[in-house]
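Chain residues, written in single-letter form:
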Amino acid sequence: MHFHSNLAYFLPPFHPTPSERFHMMSSSPPTRIEILAAGESFTSESGLLEPKATNSSSVVATDLYEDGYNDPVYQAKARILNYYIQEIGMGKYQWYLFVVAGFGWFADSVWPLSSGLVLTPVVNEFHFNSPFLSLSLNIGLLVGAIFWSLGCDIWGRRWSFNLTLLIAGVFGLAASGSPDFITLASLIAVVGVGVGGNMPVDSAVFLDFVPGSHQYLLTILSIWWCLGQLLCSLIAWPLIANFSCATPENCERPHNMGWRYLLLALGGLTLFLWGLRFFVFTLFESPRFLSGIGKDAEAVDIIHKLAEYNGKATTLTVEELEAPGRSRDASPSRTRREILSKDSRYDAGHIKALFATPKMAWSTSLLIALWGIIGLASTLYNSFLPYLLSTRGAVFGDGSLYITYRNQVILSMIGVPAAFIAGWAVETPYIGRKGSLAISSGLTGVFLYASTTSRTSNQLLGWNCGYVCSSNMMYGVLYAISPEIFPAKDRGTGNGLTATAARVSGVMAPVIALYANLATAVPVYIAGGMIIFAGFLALLLPYEPRGKASI
């Protein structure tokens, strides 16, 4: 249930409304602009407060930081932009953005999965220690997560949004022609640099334009991740099964083209998706980013372009957006920067802003911990589960490529409804984002433990179906709640910090496989406990984005 601003007029006198708090800082009656900046809705052009009749299902009147933010000028401007984006509504621009932003989720799904699907035929041909291929990809993903996430807070969203898929597609195509392992590992690492920036950047881009009433769609964007897994599995099934060496002996390139065909197909598909992004869809720069660096006129222009694209009209003016800054000339938001100029540099201010208050510091720390814990738990589970199952007497006897890829397709299909379930859960009263993350994490841990009891292939497949469904819900909510909580002007940095925590765990997986003693089952049980513990941590997050707009 969303609350609208009319409720503020029924509060007791000692609980000032947002507009009254804003008015306390000035000596004149609150104006139309000030009411907007304070998050109130109105109908009058005069100084009289006349609350607009609003539909609580479509308007989000408050933001996450209604109890205070370290940059009140930026917050006031963000509230003005939120109001006008909500007034424009969810139109064709946002739905097109839902599709092209989903390409980032798609790429983040298919490329890590493909490195596992091609592993056996690649090892048969090049004869190397298998974890090194995963290590090269994960190092690239780590670099990409850091570089593109921080970069989009420096030079804006458009460069990062348009370049990540291009890099992944070009170097993915090149990797299909690799003559040896060193070349393949190097090219796959560069693919990782492109792919690693997709989800942190694309989630920020989507959130910058979607109305507050439709922020739940950020959770449903994970359906593209599930579709990527399904499509990649369907493409790999015939190619790997029919065009690969059966054994490492005499495995030459002409008899082992399946993995090359797969990388060629994925590289070409990624380039096609980039082409749709770059040539068919025109991404506007984030108005919140522009306003955050003092380019209010450009931000207003973007709002008018957005309204025109959606067939709507808007009355936002530069004077309205600049009004909060004029009342506080010393605001950090007044600093102007030119893209790629000597002032367009990254400093610790973006990181400090995420820890500016005790509540924000606690929130940011918890999010980083959640990403790190869940990433590490998944790493431990995947590395040590085979040993545990073998020592428990599990005899599968189904190592055929048909069974392997059949199971992979089944598991990929399970993830599709999980995205919609997560989208429903995050908007459910009394559950919201935090409750959805806690419940899905708990279920993931339970199914993880249950999978260790498997003695047959079908038992393992059954428990894995539950594990995949709950874990896809968990990741869908986790990928959404983080950017929703971070303010737009520092959202790239926040996404970078959390993604880095997860990618470090990804780098640890092949290192564990290379050097750790895998002849123990203890880490599997530790992994289950860690994921369940992460569910409890989610309940401690001080911000609940449900029913509130991001700033």
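Enquirer: Can you help me understand the confidence of the model for the protein chain in this one?
Expert: Parts of the prediction with low pLDDT should not have their coordinates interpreted in detail. The pLDDT averaged across the protein chain works out to 80; a share of 81% of its residues lies at or above 70. Across residues 1-60, where pLDDT falls below 50, the model places 97 contacts with residues more than four positions away in sequence or in other chains. Ignoring residues within four places in sequence, the model shows residues 330-344, a span with pLDDT below 50, making 37 contacts including any to other chains.

Enquirer: Would you explain the state of the cysteines in this entry?
Expert: Two cysteines form a disulfide when their sulfur atoms are joined by a covalent bond. Tallying each qualifying case throughout the model produces one disulfide. Between the sulfur of Cys 245 and that of Cys 251 lies a disulfide, 2.3 Å long from S to S. Because the torsion about its S-S bond is 95°, the bridge between Cys 245 and Cys 251 counts as right-handed. Looking at Cys 226, it has no disulfide partner, and the nearest cysteine sulfur is the one in Cys 469, 9.1 Å off. A residue is classified by how much of its surface remains accessible, and Cys 226, at 2% relative accessible area, is buried.

Enquirer: Would you mind showing me how to read the packing of helix H19 (residues 432-451) against helix H20 (residues 457-485) here?
Expert: If you want to describe how two helices pack, look at the angle between their axes and the distance between the axes. Across the interface, H19 lies against H20 with an axial gap of 8 Å and an inter-helix angle of 155°. By the angle between their directions, the pair H19 and H20 is classed as roughly antiparallel. Our pair here, H19 against H20, has a crossing hand that is left-handed.

Enquirer: How should the packing of helix H7 (residues 157-175) against helix H9 (residues 198-209) be read in this particular structure?
Expert: One can describe the packing of H7 onto H9 by two numbers: an axis separation of 10 Å at closest approach and a directional angle of 135°. Between H7 and H9, the crossing angle belongs to the class labelled oblique. Crossing hand, H7 versus H9: left-handed. Where H7 abuts H9, its residues Arg 157, Ser 160, Phe 161, Thr 164 and Leu 165 lie against Asn 198, Val 201, Asp 202, Ala 204, Val 205 and Asp 208. Taken together, the residues of the contact of H7 with H9 sort by class into five nonpolar, three polar and three charged.

Enquirer: Is there a simple way to explain the side chain of Gln 215 in this structure?
Expert: Structurally, Gln 215 is set in the loop between H9 and helix H10 (217-220). A polar side-chain atom of Gln 215 sits 3.4 Å from the main-chain carbonyl oxygen of Lys 548. Other than its neighbours up to four places away in sequence, Gln 215 contacts Leu 207, Val 210, Arg 433, Glu 484, Lys 548, Ala 549 and Ser 550.

Enquirer: Whenever I open this one, the side chain of Arg 433 confuses me. Can you help?
Expert: Among the structural elements, Arg 433 can be located in helix H19. Classification of Arg 433 by relative accessible area gives buried; the value is 1%. Excluding its chain neighbours within four sequence positions, the residues that come into contact with Arg 433 are Gln 215, Tyr 216, Val 426, Glu 427, Val 477, Ile 481, Glu 484, Glu 544, Pro 545 and Arg 546.

Enquirer: Can you walk me through a nonpolar patch on the surface in this structure?
Expert: Side chains of Phe 132, Val 511 and Tyr 515 sit close together on the surface and give an oily, nonpolar patch of about 320 Å² of accessible area. One can find Tyr 515 in helix H21 (residues 491-515).

Enquirer: Would you mind going over the nonpolar core with me for this structure?
Expert: The nonpolar side chains of a soluble globular protein tend to be buried with one another. Within the largest apolar cluster, 131 residues are counted, with the highest numbers of intra-cluster contacts made by Leu 97, Trp 111, Leu 184 and Phe 206. Leave out the neighbours within four places in its chain, and Leu 184 touches Val 122, Phe 126, Leu 133, Ala 175, Ser 178, Trp 259 and Leu 263.

Enquirer: Is there a simple way to think about unusual backbone geometry in this case?
Expert: With glycine set apart, most residues show a phi of negative sign, and most peptide bonds adopt trans. Of note, His 127 is a non-glycine position whose phi angle comes to about 55°, a positive value. Summarising the element assignment, His 127 is placed in the loop between helix H5 (119-126) and helix H6 (131-151). Residue classification places His 127 among the exposed residues on the basis of a relative accessible area of 53%. A positive phi is found at Tyr 430, a non-glycine position, where the angle reads about 70°. Tracing the sequence through the fold places Tyr 430 in the loop between helix H18 (401-425) and H19. Given a relative accessible area of 88%, Tyr 430 falls into the exposed group.

Enquirer: How should I be thinking about the pattern of salt bridges in this particular structure?
Expert: Between side chains of opposite charge, a pair can form as their charged atoms come close. Counted by the stated rule, this structure contains 12 salt bridges. A salt bridge links Lys 77 to Asp 296, with the shortest nitrogen-to-oxygen separation between them at 2.8 Å. With Lys 77 in helix H3 (residues 72-88) and Asp 296 in helix H14 (residues 296-309), this pair connects stretches of sequence that are 219 residues apart. Of the two residues, Lys 77 and Asp 296, neither departs from the other in class, the shared state being buried. Linking Asp 108 and Arg 503 is a salt bridge whose minimum nitrogen-to-oxygen distance equals 2.7 Å. Placement of Asp 108 in helix H4 (residues 92-117) and of Arg 503 in helix H21 is noted, with a sequence separation of 395 residues between them. Among the residues examined, Asp 108 registers a relative accessible area of 4% and is labelled buried.

Enquirer: Looking at this model, I keep getting lost on the packing of aromatic side chains. Mind explaining?
Expert: A ring pair, where both rings are aromatic, is described by two values, the distance of the centres and the angle of the planes. Counted under the stated rule, the structure contains 22 aromatic pairs. Consider the rings of Tyr 93 and Phe 284, whose centres lie 4.8 Å apart with planes at 5°: the pair is stacked. In this pair, Tyr 93 sits in helix H4 while Phe 284 sits in the loop between helix H12 (258-280) and helix H13 (287-292), placing the two residues 191 residues apart along the sequence. Comparing Tyr 93 with Phe 284, the two get one shared label, buried. Here Phe 278 and Phe 279 contribute two aromatic rings whose centre-to-centre distance is 5.0 Å and whose plane-to-plane angle is 85°, an arrangement assigned as edge-to-face. Look at Phe 278 and you get partly exposed, because its relative accessible area is 43%. Three or more aromatic residues joined by ring pairs form one cluster here, namely Tyr 93, Tyr 96, Phe 209, Phe 281, Phe 284 and Tyr 309. In this arrangement the basic side chain of Lys 92 is found over the ring face of Tyr 309, its NZ or CZ atom lying 5.3 Å from the centre. The ring of Tyr 74 has Lys 489 sitting right over it, with the charged end atom 5.8 Å from the ring centre.

Enquirer: Teacher, can you tell me more about the environment of Trp 105 here?
Expert: Mapping Trp 105 onto the fold places it in helix H4. On the basis of relative accessible area, Trp 105 is assigned to the buried category, the value being 1%. C-alpha of Trp 105 to C-alpha of Gly 228: the two residues are 123 residues apart in sequence and 7.9 Å apart in space. Those residues in contact with Trp 105 that lie beyond four places of it in its chain are Met 199, Asp 202, Ser 203, Leu 218, Leu 221, Ser 222, Trp 224, Trp 225 and Tyr 479.

The rules behind each value
Residues numbered from 1 in each chain as written. Predicted model: local features only at pLDDT ≥ 70, side-chain atom pairs only at ≥ 80, totals over all residues. Heavy atoms only, no water. pLDDT = per-residue confidence, 0-100. Contact = heavy atoms within 4.5 Å. Disulfide = S-S within 2.5 Å. Buried < 20%, exposed > 50% of the residue type's maximum accessible area, 1.4 Å probe, protein only. Axes fitted to C-alpha atoms, helices over the stretch in contact; angles between N-to-C directions. Helix = DSSP H or I, 4+ residues; strand = E, 2+ residues; numbered from the N terminus. Parallel < 35°, antiparallel > 145°, perpendicular 65-115°, else oblique. Left-handed = near helix turned anticlockwise from the far one by under 90°. Nonpolar A, V, L, I, M, F, W, Y, C, P; charged D, E, K, R; others polar. Polar contact = N/O pair within 3.5 Å; in protein donor to acceptor, adjacent residues only side chain to side chain. Patch = residues over 30% accessible without salt bridge, like charges linked within 9 Å, V, L, I, M, F, W, Y side chains within 5 Å. Areas by Shrake-Rupley, 256 points an atom, 1.4 Å probe, with all protein chains shown as cover. Salt bridge = Lys/Arg side-chain N within 4 Å of Asp/Glu carboxyl O. Core = buried A, V, L, I, M, F, W, Y, C linked by side-chain atoms within 4.5 Å. Phe/Tyr/Trp six-rings, centres within 6.5 Å; stacked < 30°, edge-to-face > 60°. Lys NZ or Arg CZ within 6 Å of the ring centre and 35° of its normal.

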